[in-house]
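Single-letter residue listing:
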Amino acid sequence: MSAPTADGRVLVAGIGNVFLGDDAFGVETARALAGRPLPGHVEVVDVGVRGVHLAYQLLDGYDTLILVDATARGGPPGTLYVIEHEDAGRAEAAGVPLDGHRMTPDAVLALLGTLCAGTGTAPPRRTLVVGCEPASVDEGMGLSAPVSAAVPQAVRLVEGLLAASPAPEPCPPADAVK
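All values reported here derive from a predicted model rather than from experimental measurement.

Scoring rules and cut-offs
Residues numbered from 1 in each chain as written. Predicted model: local features only at pLDDT ≥ 70, side-chain atom pairs only at ≥ 80, totals over all residues. Heavy atoms only, no water. Helix = DSSP H or I, 4+ residues; strand = E, 2+ residues; numbered from the N terminus. Contact = heavy atoms within 4.5 Å. Areas by Shrake-Rupley, 256 points an atom, 1.4 Å probe, with all protein chains shown as cover. Salt bridge = Lys/Arg side-chain N within 4 Å of Asp/Glu carboxyl O. Buried < 20%, exposed > 50% of the residue type's maximum accessible area, 1.4 Å probe, protein only. Axes fitted to C-alpha atoms, helices over the stretch in contact; angles between N-to-C directions. Parallel < 35°, antiparallel > 145°, perpendicular 65-115°, else oblique. Left-handed = near helix turned anticlockwise from the far one by under 90°. Nonpolar A, V, L, I, M, F, W, Y, C, P; charged D, E, K, R; others polar. Pairing = 2+ DSSP bridges. Expected span 1.5 Å × (residues − 1). Bend = angle between axes of the 7 residues up to and from the residue.

Now for the overall build of the protein chain. Within the protein chain, the secondary structure is distributed over 4 helices and 5 strands. For the protein chain, restricting intrachain contacts to residue pairs at least 6 apart in sequence, the fraction spanning at least 24 positions comes to 78%. Carbon and sulfur atoms form 56% of the exposed surface of the protein chain, whose accessible area is close to 9,100 Å².

And the structure:
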């Protein structure tokens, strides 16, 4: 199997469990982004809790991965973070649980490293996490007020990251190649 080329493709993946309150932040942000006009090289997916599915989708070849997820880092609820993941897809998946409903982004990226090694593909060149500090990830549906207010801000933040990322170069017409 030959490695697919990324050609500047970007995957924006909303992660989270809609039954755990603010854990649905990534899912809600992906839904909001999906309704916006985005460049043709950008794909937005609501991954939810299907981490294994995300790892396999990344084998299709993407230059950049933007994960959108609830991310507890100790700030006030609704605080947004942009985190550059340095070793995405390069770690081995030793000890990674293959429970498709409980895979963290780190576990997905470690699994991706194993899948890439086995298939001869390459992980995304760049992985960013757009995170939001949750107020509560207890059982229940619906985002808290501060996290809900952060969704439109996160949409603008992701759009800014996409604007800063260059679009792929168009291929020359077949008759222009000599």
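All chains considered together, the criterion is met by 6 salt bridges. Between Glu43 and Arg9 there is a salt bridge; the shortest N-O distance is 3.9 Å. With Glu43 in strand β2 (residues 42–48) and Arg9 in the segment before β1 (10–15), the pair connects residues that are 34 residues apart, well separated along the chain. Note on Glu43: relative accessible area 30%, which makes it partly exposed. Each of Glu28, Arg31 and Asp46 takes part in salt bridges that share partners, so that together they form one network.

Let us look at the packing of helix α1 (residues 25–34) against helix α4 (residues 145–164). Packing of α1 against α4 brings their axes to within 9 Å, and their N-to-C directions diverge by 55°. As the angle between them shows, α1 and α4 are arranged oblique. As for the relative orientation of α1 and α4, their crossing is right-handed in sense. Of α4, the residues touching α1 (which contributes Phe25, Glu28, Thr29, Ala32 and Leu33) are Val147, Ala150, Val151, Ala154, Val155, Val158 and Glu159. When the residues that make up the contact of α1 with α4 are grouped by side-chain class, the tally is 9 nonpolar, 1 polar and 2 charged.

Attention now moves to the environment of Gly75. Relative to the helices and strands, Gly75 is located in the loop between β3 (64–70) and β4 (80–85). Sequence-wise, Gly75 and Glu133 are 58 residues apart; in three dimensions their C-alpha atoms are separated by 6.3 Å. Once you skip the residues sitting within four places of it in the chain, Gly75 turns out to touch Tyr81 and Glu133.

Read from one edge of the open sheet, 5 strands run β2-β1-β3-β5-β4, paired in mixed fashion. Here the strands that pair on one side only, and so sit at the sheet edges, are β2 and β4. Pairs of neighbouring strands in the sheet enclose a mean axial angle of 20°, with direction left out of account. For β3 and strand β5 (residues 126–132), the ladder comprises 7 bridges, and the chain directions are parallel. In the sheet register, Asp69 faces β5, and the bridge partner there is Gly131. Against the sheet, α1 contacts β1, β2, β3, β4 and β5, and its axis sits at roughly 145° relative to β2.

With that out of the way, let us pick up α4. Over its 20 residues, α4 extends 29 Å from the first C-alpha to the last, a length consistent with the 28 Å expected when each residue adds 1.5 Å. Within α4, the axis deviates most sharply at Val151, by approximately 30°, and proline Pro152 lies no more than four positions further along. All of the buried residues along α4 are Val147, Ala150, Val151, Ala154, Val155, Val158 and Leu162. Buried residues along α4 sit in contact with β1, α1, β2, β3, β4 and β5.

Of all 7 residues in β3, 7 are buried; the element is thus mostly enclosed. Burial along β3 is two-sided: the residues Thr64, Ile66, Val68 and Ala70 and Leu65, Leu67 and Asp69 are all buried. As judged from the 5 bridges shared by β1 and β3, these two strands associate in the parallel manner. Following the sheet pairing, Val12 is matched in β3 by Ile66.

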